Amino acid sequence: MCDHCGCEQRTKEVEIQKHILSANEELAAKNRAHFREKGLRVLNLISSPGAGKTTLLEATIDALRDEIPLAVIEGDPETERDAARIRAKGVPVVQVTTGGACHLDARMVHRAFHQLEGNSFRLLFIENVGNLLCPAAFDLGEDLRVVMVSVPEGSDKPAKYPAAFLKAQVFLITKTDLLPYFDFDLEEAKRLALALNPNLRIIALSAKTGEGMDEWLALLRDLASS
Ligand SMILES: Nc1nc2c(ncn2[C@@H]2O[C@H](COP(=O)(O)OP(=O)(O)OP(=O)(O)O)[C@@H](O)[C@H]2O)c(=O)[nH]1
Ligand SMILES: [Mg+2]
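Remember, it's a predicted structure, so these values are computed and weren't measured experimentally.

Here the focus is the overall build of the protein. Along the protein, the regular secondary structure elements total eight helices and seven strands. Scaling as 2.2 N^0.38, a compact globule of 226 residues should have a C-alpha radius of gyration of about 17 Å, and the protein matches this with 18 Å. Counting only C-alpha atoms, the protein reaches 60 × 45 × 35 Å along its principal axes. Counting only residues that meet the buried cut, the protein has 38% of its 226 residues in that class.

What follows is the structure in structure tokens.
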């Protein structure tokens, strides 16, 4: 092994990463079995910071609260702000603060899930830490992985952040009310995403105006009754 370029060090790092990921896979499988046993359907929301995850959850709660019992796990590096927004809607919520870590993992979700005990719900939303890189590598035990890109971010994002799209089932293009003000190309975003993952269900919506929300809500109703 070469002493000068650090390749031995890198080999060790890769081994550690593999170990972390395989430990996470085991815990995610346990979460999935646990969620099934409790009759839950679980979604993992992944996007860049500010793409509109919490705003979409607020609009979703407003629309579905009287129909489907909901709960939320919020992931952020710091603060209880997102949990406070969900709590204000009267829905059970647990905030996970990762202290700087750039993603949730299956162990954090397992702990947070136990803090929700005593509440009865059918759909559990997990809002991941805002970024399109690290969350892609960590299965949380969800049924549906939802990747989101907002109009101001640009339609090239699927090509630049492919990992986030490969294991997702749903691609939401958010903030469509801003389309007149940005050169976001809807067809390009869809084409790039489908080239990576032809099975993606794509919905373009605005949580502000309600455009496209019916399709998203129909998907959630189908999931809840599956
Ligand atoms: N115009 C417009 N603005 C939106 C929409 N959805 C969210 N926003 C705005 O985008 C900003 C970020 O929204 P959040 O819902 O907090 O985004 P987030 O993805 O939860 O952010 P992090 O949790 O920090 O990653 C806020 O100022 C929202 O009001 C939308 O559909 N249209
Ligand atoms: Mg948020």
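Structure shown, so let's carry the discussion forward.
Relative to each other, helix H2 (residues 53-64) and helix H8 (residues 213-224) sit at 70°, their axes nearing to 11 Å. What the angle tells us is that H2 and H8 run roughly perpendicular. Where H2 crosses over H8, the handedness of that crossing is right-handed. In this structure, H2 contributes Ala-59, Thr-60, Ala-63 and Leu-64 to the contact, and H8 contributes Met-213, Leu-217 and Leu-220.

A few words now on the packing of helix H1 (residues 7-37) against helix H4 (residues 106-115). Following both chains from N to C, one finds H1 and H4 inclined at 30°, their axes separated by 8 Å at the closest point. One finds that H1 runs roughly parallel with respect to H4. Between H1 and H4, the contacting residues are Asn-24, Leu-27, Ala-28 and Asn-31 on the first element and Ala-106, Arg-107, Val-109 and His-110 on the second. Its residues assigned to classes, the contact of H1 with H4 shows four nonpolar, three polar and one charged.

What follows covers H4. Within H4, the full set of buried residues consists of Ala-106, Met-108, Val-109, Ala-112 and Phe-113. Looking straight down H4, one finds that the buried residues subtend no more than 155° of arc, so they occupy a single side. Counted as exposed and oriented over 90 degrees from the buried face of H4: Arg-111 and His-114. Among the structural elements, H1, strand E2 (70-76), strand E3 (93-97) and strand E4 (123-127) are those in contact with the buried residues of H4.

With respect to spatial proximity, 18 residues lie near ligand 1, and among them Gly-52, Lys-53, Thr-54, Thr-55 and Gly-130 are the closest. If you tally residues by element for the shell around ligand 1, the top one is H2, at three residues. Of the residues assigned to the shell around ligand 1, the class counts are four nonpolar, eight polar and six charged.

Strand order in the open sheet made by the seven strands is E3-E2-E4-E1-E5-E6-E7, with parallel pairing throughout. The open sheet has two free edges, formed respectively by E3 and strand E7 (201-204), since each of these has just one partner strand. Averaged over all pairs of adjacent strands, the angle between strand axes in this sheet comes to 20°, irrespective of strand direction. Strand contacts of H2: strand E1 (41-47), E2, E4, strand E5 (144-150) and strand E6 (170-174), with the helix running at about 165° to E4, the strand carrying the most contacts.

Below, the discussion takes up the nonpolar core. Core analysis: the largest hydrophobic core is formed by 53 residues, its most contacted members being Val-72, Val-109, Phe-125 and Ile-126. At five residues, the largest contribution of residues to this core is made by H4. Setting aside residues no more than four positions away along its own chain, Val-72 makes contact with Leu-57, Ile-86, Val-91, Val-93, Phe-125 and Glu-127.

Alignment of E6 against E7, held across four bridges, turns out to be parallel. What sits directly across from Ile-173, in E7, is Ala-204. Where the polypeptide runs from E6 across helix H7 (residues 186-196) and back to E7, its parallel neighbour, the crossover connection is right-handed.

This paragraph deals with unusual backbone geometry. Backbone geometry at Thr-79 places phi at a positive 75°, although glycine is not the residue there. Its location among the elements puts Thr-79 in the loop between E2 and helix H3 (81-87). For Thr-79, a count of 11 C-beta atoms within 10 Å translates into the label exposed. Residue Lys-175 is not a glycine yet carries a positive backbone phi of 65°. Counting through the fold element by element, Lys-175 comes out in the loop between E6 and H7.

Thresholds applied
- Residues numbered from 1 in each chain as written.
- Chains lettered and ligands numbered in written order.
- Predicted model: local features only at pLDDT ≥ 70, side-chain atom pairs only at ≥ 80, totals over all residues.
- Helix = DSSP H or I, 4+ residues; strand = E, 2+ residues; numbered from the N terminus.
- Rg over C-alpha atoms; globule rule 2.2 N^0.38 Å.
- Buried ≥ 20, exposed ≤ 12 C-beta atoms within 10 Å, placed from the backbone.
- Axes fitted to C-alpha atoms, helices over the stretch in contact; angles between N-to-C directions.
- Parallel < 35°, antiparallel > 145°, perpendicular 65-115°, else oblique.
- Left-handed = near helix turned anticlockwise from the far one by under 90°.
- Contact = placed C-beta atoms within 7 Å.
- Nonpolar A, V, L, I, M, F, W, Y, C, P; charged D, E, K, R; others polar.
- Arc of directions from axis to C-beta.
- Near = placed C-beta within 6 Å.
- Pairing = 2+ DSSP bridges.
- Core = buried A, V, L, I, M, F, W, Y, C linked by C-beta atoms within 7 Å.
- Right-handed = clockwise from strand over helix to strand, strands pointing away.

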